[in-house]
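As a plain string of letters, each chain reads:
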Amino acid sequence: MRSCGPCTICCHFFRVPETGKPENQWCGHCTDRGCAIHETRPQSCRNFECFWLMEENFPEDMRPDLCGIVVSFNDDKDSVVLHVDPDRPEALGEEAGEAWVEALLKSYRRLYIVCGEDRMMLDRDELLGNGASE
Ligand code: SF4
Ligand code: SF4
C-alpha cells in the first residue's frame, strides 16, 4: 500500500475542525517527518486520503507536494476537487497538472478547481464541445 512519504501538503491546505486550524496554514503538529501526533491525530485527518495516495498508478511526479495539487472526492459523485497550492497557481498548467486533468476527465464529468480564493470548474462536455448538459 502506498504511503504519503515526505508529503504533508494536505496538512497545510485543509481546515481541521477539531483543532481550529484554518485553510492554507501549516498545522502546528506538522514536522519534516510527518504528523507529530500521528497516533492521536484528529478524526478528520484520519479520514482524508487524496487520489494520489489511493491509486498507485499515479506516478511520483504527481505526488501532491511535488506537483502542487491535491485531488479529493466531492459530495457530487460525478465530480472531484483539485486543490491547487495558492503559492503555485500555475501548477495546473504544468506537466503533472495537465496529467491530472486528463486522467480525471476520463472518469469524472466535472473538475472543481480551488486555488486560495479562486474557484473554477471544468466541464468535460464543454471541453469536448458537444454542449451536452443535464
Ligand atoms: S496530500 Fe495525499 S499524499 Fe500528501 S499527505 Fe495528504 S494524503 Fe498524503
Ligand atoms: S494533526 Fe497531524 S495529520 Fe492533522 S493536519 Fe495536523 S499535522 Fe496534519
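Whatever comes next refers back to the structure up there.
Keep in mind the model is a prediction, meaning the values are calculated, not measured.

S.K.: Give a detailed account of the overall build of the chain, specifying residues and quantitative values.
M.R.: Across its full length, the chain holds six helices and six strands. The secondary structure elements of the chain, listed N-terminal to C-terminal, are α-β-β-α-α-α-β-β-α-β-β-α. Against the globule reference of 14 Å for 134 residues, the chain gives a C-alpha radius of gyration of 15 Å, in line with a compact fold. Expressed as lengths along the three principal axes of its C-alpha atoms, the size of the chain is roughly 50 × 30 × 25 Å. Classification of the 134 residues of the chain by burial places 24% in the buried group. Counting contacts in the chain only where the partners sit at least 6 residues apart, residues at least 24 apart contribute 45% of the total.

S.K.: Describe the pairing of strand 6 (residues 118-123), listing the residues and the values that go with them.
M.R.: Along a regular strand, successive side chains alternate from one face of the sheet to the other. Among the six residues that make up strand 6, zero are buried, leaving the element largely open to the surroundings. Here strand 5 (residues 110-115) pairs with strand 6 via six bridges, running antiparallel. In the sheet register, Tyr112 faces strand 6, and the bridge partner there is Met121. Linking strand 5 back to strand 6 in an antiparallel pair, the connection comprises two residues, with Gly116 at a positive phi of about 60°.

S.K.: Mind laying out the pairing of strand 5, listing which residues take part and the relevant values?
M.R.: Here strand 4 (residues 79-84) runs beside strand 5; their pairing, made up of five bridges, is parallel. Along strand 5, the bridge assignment pairs His83 with Val114. The handedness of the strand 4 to strand 5 crossover, carried by helix 5 (residues 95-105), is right-handed.

S.K.: Residue-level account of the site of ligand 1, with values.
M.R.: If you check the shell around ligand 1, you find Cys4, Cys7, Thr8, Ile9, Cys10, Phe48, Glu49, Cys50, Trp52, Leu53, Pro64 and Val70 and nothing else. The residue makeup of the shell around ligand 1, split by class, is 10 nonpolar, one polar and one charged.

S.K.: So, unusual backbone geometry: which residues are in play, and what are the values?
M.R.: If you check the backbone angles, Asn24 has positive phi at about 55° while not being a glycine. Along the chain, Asn24 turns up in the loop between helix 1 (10-13) and strand 1 (30-31).

S.K.: Talk me through the site of ligand 2; I want residue IDs and the actual numbers.
M.R.: Around ligand 2, the surrounding shell consists of Cys11, Val16, Cys27, His29, Cys30, Cys35, Ile37, Arg41, Pro42 and Cys45. Partitioning the shell around ligand 2 into residue classes produces eight nonpolar, one polar and one charged.

S.K.: Break down the nonpolar core for me, with residues and values.
M.R.: Membership of the largest hydrophobic core comes to 25 residues, with the highest contact counts inside it found for Cys50, Trp52, Ile69, Val71 and Leu82. When residues of this core are traced back to their parent elements, those giving at least two are helix 1, helix 3 (51-54), strand 3 (69-73), strand 4, helix 5 and strand 5.

S.K.: Explain the sheet that holds strand 4 residue by residue, including any values.
M.R.: Taken in spatial order, the four strands of this open sheet run 3-4-5-6, and their pairing is mixed. Looking at the sheet topology across the chains shown, the edges are occupied by strand 3 and strand 6. Between one strand axis and the next, the sheet turns by 20° as a mean value, whatever way the strands run. Sheet strands touched by helix 5: strand 3, strand 4, strand 5 and strand 6. Its angle to strand 3, the strand with the most contacts, is close to 15°.

About the thresholds
- Residues numbered from 1 in each chain as written.
- Chains lettered and ligands numbered in written order.
- Predicted model: local features only at pLDDT ≥ 70, side-chain atom pairs only at ≥ 80, totals over all residues.
- Helix = DSSP H or I, 4+ residues; strand = E, 2+ residues; numbered from the N terminus.
- Rg over C-alpha atoms; globule rule 2.2 N^0.38 Å.
- Buried ≥ 20, exposed ≤ 12 C-beta atoms within 10 Å, placed from the backbone.
- Contact = placed C-beta atoms within 7 Å.
- Pairing = 2+ DSSP bridges.
- Right-handed = clockwise from strand over helix to strand, strands pointing away.
- Near = placed C-beta within 6 Å.
- Nonpolar A, V, L, I, M, F, W, Y, C, P; charged D, E, K, R; others polar.
- Core = buried A, V, L, I, M, F, W, Y, C linked by C-beta atoms within 7 Å.
- Axes fitted to C-alpha atoms, helices over the stretch in contact; angles between N-to-C directions.

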